[in-house]
Amino acid sequence: MEQKDISQAVIRRMPRYYRFLGELLDEGVERISSNDLSNRMQVTASQIRQDLNNFGGFGQQGYGYNVQFLYDEIGKILGLNEKHNIIVIGAGNLGQALANYVKFEKLGFVITALFDVNPELKGKKIRGIEIHMLDELDEYCKDNPVDIAALTMPKAEADLTAQRLVGLGIKAFWNFAHVDLNISDQDVVVENVHLSESLMQLSYNIVKNKNS
Ligand code: NAI
């Protein structure tokens, strides 16, 4: 299925569909109408139909959606039917917290190694996942499949490290460092995660509510 023309706005909504459908499956719900899904998700039924029509629909007139089928199809759209090996660069508070979180694995995201420059961390394991020194990065990437690099290191070195990782064939970055990566390679994808931006948005809405 060709996904290139689908807007990022639609793609950004897909994980939420996936989460709600997963909850329905946990509750034993086998099928759901777009109206019921709409009530549950607080999204209009027409938005749901429009979103899913981007991928060929999946609904049946008078039946609604088969929850398992839709869940599996959205999972495929999001690439969750494949395993993604992640290395974490920067094994401090955030890097270790990511490595400690077991549920990424349920979605197929497996953290296979952490890297750091602090010799005190060398060989230490987080939930069985080893912390390597950064100078072992080239060898590790040559010997092991790596799909995603999570950057949880200080921002000063993040861009340079990302360039090095691109040179080692890494095509996807989960960037937590507060810096925009300067990557020109069109094949490389970057997802920036900034919790502070989310907090600023929350703060804006708090202020707005106070003033209204
Ligand atoms: P931390 O100080 O606990 O950990 C940073 C780790 O990176 C340390 O272990 C340090 O030895 C290592 N490091 C330093 N230079 C390195 C290099 N060149 N290569 C590999 N590792 C290196 O800091 P924390 O709290 O874990 O934060 C890490 C980064 O994530 C910071 O840049 C911080 O600003 C950012 N951050 C981003 C958030 C977000 O929402 N995007 C939230 C929290 C932190």
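Here the structure is shown first, and the text comes after it.
Owing to the predicted nature of the structure, the values given are computational and were not obtained by experimental measurement.

1. A word on the overall build of the protein chain
Stage number 1. Check the secondary structure of the protein chain and you find 9 helices and 9 strands.
Stage number 2. Counting only C-alpha atoms, the protein chain reaches 60 × 50 × 35 Å along its principal axes.
Stage number 3. If you take every contact in the protein chain between residues at least 6 apart in sequence, the share linking residues at least 24 apart comes to 55%.
Stage number 4. Distance between charge centroids for the protein chain: 6 Å, based on 22 positive and 28 negative side chains.

2. Some words on a nonpolar patch on the surface
Stage number 1. Judged by side-chain polarity, Leu-199, Leu-202 and Ile-206 come together as a nonpolar surface patch covering roughly 300 Å² of accessible area.
Stage number 2. Mapped onto the secondary structure, Leu-199 falls in helix 9 (residues 195-211).

3. Focus on the layout of surface pockets
Stage number 1. When its volume is computed, the largest pocket comes out at roughly 1500 Å³.
Stage number 2. Around the largest pocket, the lining comprises 24 residues; the ones closest to its centre are Ile-11, Leu-78, Phe-109, Val-189 and Glu-191.
Stage number 3. Looking at the lining of the largest pocket, the elements that each hand over two or more residues are helix 1 (8-26), strand 3 (84-89), strand 8 (172-175) and strand 9 (189-192).
Stage number 4. Considering every element that reaches the lining of the largest pocket, the biggest residue donor is helix 1, with 6 residues.
Stage number 5. Of the residues contributing to the lining of the largest pocket, the split by class is 17 nonpolar, 4 polar and 3 charged.
Stage number 6. Both domains that meet at the lining of the largest pocket, namely domain 1 (8-77) and domain 2 (84-197), each give it at least three residues.
Stage number 7. The volume enclosed by the second largest pocket comes to roughly 360 Å³.
Stage number 8. What lines the second largest pocket is Tyr-18, Arg-19, Gly-22, Glu-23, Asp-26, Tyr-71, Tyr-101, Lys-103, Phe-104, Lys-106 and Leu-107.

4. Quick word on the site of the ligand
Stage number 1. Taken together, 21 residues lie around the ligand, and Leu-94, Asp-116, Met-153, Val-193 and Leu-195 are the ones closest in.
Stage number 2. Side-chain polar atom of Asp-116 to an oxygen atom of the ligand: 2.6 Å apart, as the coordinates give it.
Stage number 3. Protein chains shield 73% of the accessible area of the ligand, which is 850 Å² for the free molecule.
Stage number 4. Counting only elements with at least two residues in the shell around the ligand, the list comes to helix 5 (93-100) and helix 8 (155-167).
Stage number 5. Split by residue class, the shell around the ligand holds 11 nonpolar, 7 polar and 3 charged.

The rules behind the values
- Residues numbered from 1 in each chain as written.
- Predicted model: local features only at pLDDT ≥ 70, side-chain atom pairs only at ≥ 80, totals over all residues.
- Heavy atoms only, no water.
- Helix = DSSP H or I, 4+ residues; strand = E, 2+ residues; numbered from the N terminus.
- Contact = heavy atoms within 4.5 Å.
- Lys, Arg positive; Asp, Glu negative; His and termini not counted.
- Charge placed at Lys NZ, Arg CZ, Asp CG, Glu CD.
- Patch = residues over 30% accessible without salt bridge, like charges linked within 9 Å, V, L, I, M, F, W, Y side chains within 5 Å.
- Areas by Shrake-Rupley, 256 points an atom, 1.4 Å probe, with all protein chains shown as cover.
- Salt bridge = Lys/Arg side-chain N within 4 Å of Asp/Glu carboxyl O.
- 1 Å grid on protein atoms, 1.4 Å probe; cavity = no way out; pocket = protein on both sides within 12 Å on 5 of 7 lines; lining within 4 Å.
- Points joined across faces, edges and corners; volume = space filled by probe spheres on them.
- Nonpolar A, V, L, I, M, F, W, Y, C, P; charged D, E, K, R; others polar.
- Domains from an automatic or database assignment.
- Near = heavy atom within 4 Å.
- Polar contact = N/O pair within 3.5 Å; in protein donor to acceptor, adjacent residues only side chain to side chain.

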